[in-house]
Structures are given as structure tokens and as C-alpha cells.
Amino acid sequence: MMSKRNVLAVLSAAALSAVSLSTALPVAAQGSSTSADTAAPVELAGVKYPATVEVAGQKLGLNGAGIRYKAIFKVYTAGLYMNAKATTPEAILANTGPKRMHIQMLRDIDGEELGKLFTKGMEQNTTRDEFGRSINGVLRMSEIFVQKKKLKSGESFGVDYIPGTGTVIFVNGAVVPGEPIKEPEFFNALLKIWIGKSPADNSLKTALMGGSK
């Protein structure tokens, strides 16, 4: 039978071994997870949102995705990607890491009309000061949609926020030529169209925060 001293020695050695193993493993291997690790892919109206995407070299997880309805009609799907799960508007807006908002059209819409709707949505959900600081981005996005003329069903656009760089806009997966929108306020002002106090669609707001659609 093992003496008490020998038992204590074995337990002590095991504890030291466990500590060494814990500090040697990366955080993810120790059971901690980010939204990128735990997000599940989503399919809405035939549009697939993968569990993860990469923005600025960082893996982001799908925070939530949903459908924008106007009356009974499906207008577009939207998915929000972040580097950490957030379930409230405040948490989403406070996150200063990279983000992506991806929208895919489910029906044709006039580009100029869409630009006006987005501008109105930002005005309704920001203070005058916030909107003023975002105006360069507002004008740039409106110009992009006017030039596009029409977004057809199946077409998409995305908006990436990259810390230190600004906001980059994609249409059908291609980066829109020109400088990024550098004002950091713009991306959050844009997000408030969907998660602000007067969202475009309350059900979509809930879905983007990871709630039931």
C-alpha cells in the first residue's frame, strides 16, 4: 500500500502536469470559444449564410441572419458577422472589432430608391450629430446605388468594417472602387438601420441578434 507521503507526491506531480498542459494549450483548446467557433450556418429563402467568414485576416462568426419583409413580400436576406457573439444592440455597436453585414436581394429594387431608404433609416436611428459625422459615407453609398441603377433578385452587397481602415463596400462580391469610408461612425450608423430604435423590420432586428426569426 502507498504511504501517505507517496500519495501526496503523486497528486502534487499530477497537479503540476495539469497546470503546465493548461498554460501550453491555446485558449480555444481549453474549452473557451468565440462566435466564430460556435456559429452554425443558416439558410433563408434559398440563401446560404456560412458559419464563418474571414475579414481582415480574422475569422468572424455568424451573429444572426434573417429576412426583411415589406408587408407579406420578402425583400432581402441579411446576415451579420462578428468576432464575438452579441445579443443586444448595445453590445453589437460597442464591439470595435471587424464586422460584416451581407445582404442578398430576393426581389428587384431600384438602386436610387434603396439608397434613399438607407439614408432615411440612418436619419431615423441616429442623432443629428451622429448623422452629420457619417455624411461622407451616406453620400458615398447613395452614389454607389444610383450608379448601380437596380439591384436584381439574387444580387448582393456587403459592407465590411475593418479597424484602422474603415468601411469597405462590396457589390456581388467585388469591392467597389475607391477609398474606404474612413469615418468610424458610419458603420454603426448603417447598422442602426436594422438594430436601432426604429428598425427596418423588428423581426429582422431580433434575428440579427441571434434570436428566433
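Parameters and conventions
- Residues numbered from 1 in each chain as written.
- Predicted model: local features only at pLDDT ≥ 70, side-chain atom pairs only at ≥ 80, totals over all residues.
- Heavy atoms only, no water.
- Helix = DSSP H or I, 4+ residues; strand = E, 2+ residues; numbered from the N terminus.
- Buried < 20%, exposed > 50% of the residue type's maximum accessible area, 1.4 Å probe, protein only.
- Contact = heavy atoms within 4.5 Å.
- Pairing = 2+ DSSP bridges.
- Expected span 1.5 Å × (residues − 1).
- Phe/Tyr/Trp six-rings, centres within 6.5 Å; stacked < 30°, edge-to-face > 60°.
- Axes fitted to C-alpha atoms, helices over the stretch in contact; angles between N-to-C directions.

Caption draft 1: Quick look at the overall build of the protein chain. Along the backbone of the protein chain there are 8 helices and 11 strands. For the protein chain, the residues scored as buried account for 42% of the 213 residues in total. Restricting to contacts in the protein chain with at least 6 residues of sequence separation, those with at least 24 account for 59%.

Caption draft 2: Unusual backbone geometry, seen in detail. Unlike most non-glycine residues, Ala-56 shows phi in positive territory, near 55 degrees. As for its placement among the helices and strands, Ala-56 is situated in the loop between β3 (52-55) and β4 (58-70). Positive phi, close to 60 degrees, is recorded for Ala-71, a residue that is not glycine. For Ala-71, a relative accessible area of 72% translates into the label exposed.

Caption draft 3: Layout of the pairing of strand β5 (residues 73-82). Burial within β5 is extensive, with 8 of its 10 residues counted as buried. Bridge count between β4 and β5: 9 bridges; the pairing is antiparallel. Looking at β5, one finds that Arg-68 is bridged to Tyr-76. Between the end of β4 and the start of β5, which pair antiparallel, lie 2 residues, with Ala-71 showing a positive phi angle near 60 degrees. Where β5 meets strand β6 (residues 99-105), 7 bridges bridge the pair, whose relative direction is antiparallel. The residue of β6 that forms the bridge with Gly-79 is His-102.

Caption draft 4: Expanded view of the environment of Met-209. Tracing the backbone through its elements, the reader meets Met-209 in the segment after α8 (202-208). On a C-alpha basis, the gap between Met-209 and Ala-91 in space is 9.7 Å, while along the polypeptide they are 118 residues apart.

Caption draft 5: Broad picture of helix α7 (residues 184-195). Between its first and last C-alpha, α7 extends 17 Å over 12 residues, near the 16 Å set by a 1.5 Å rise per residue. A large share of α7 lies buried, amounting to 9 of its 12 residues.

Caption draft 6: Structural context of the packing of aromatic side chains. The tally for this structure, following the rule as stated, stands at 5 aromatic pairs. Ring centres 5.9 Å apart and planes at 75 degrees place the aromatic pair Phe-118 and Phe-145 in the edge-to-face group. Taken as a pair, Phe-118 in helix α4 (residues 111-125) and Phe-145 in helix α6 (residues 135-148) lie far apart in primary sequence, 27 residues in all. For the pair shown, Phe-118 and Phe-145 are each scored as buried.

Caption draft 7: Geometry of the sheet that holds strand β11 (residues 174-175). Across the sheet, 7 strands lie side by side as β3-β4-β5-β6-β9-β10-β11; this open sheet has antiparallel pairing. With partners counted over all chains shown, the strands left at the sheet margins are β3 and β11, one partner each. Pairing geometry for β3 and β4, over 4 bridges, is antiparallel. Residue pairing for β4: Thr-52 is matched across the bridge by Gly-61. Taken strand by strand, α6 contacts β9 (156-162) and β10 (166-171), and its axis lies near 10 degrees from that of β10.

Caption draft 8: Geometry of the pairing of β9. With 7 of 7 residues buried, β9 lies mostly within the body of the structure. Side chains Ser-156, Gly-158, Asp-160 and Ile-162 project from β9 onto one buried face, and the interleaved Phe-157, Val-159 and Tyr-161 project onto a second face that is buried too. Here 6 bridges tie β6 to β9, and the two strands are oriented antiparallel to one another. Looking across to β9, one finds that Lys-99 is bridged to Tyr-161. Here 6 bridges tie β9 to β10, and the two strands are oriented antiparallel to one another. Bridge pairing in β10 links Ile-162 to Gly-166. Between β9 and β10, which follow one another and run antiparallel, lie 3 residues, and Gly-164 among them has a positive phi close to 85 degrees.

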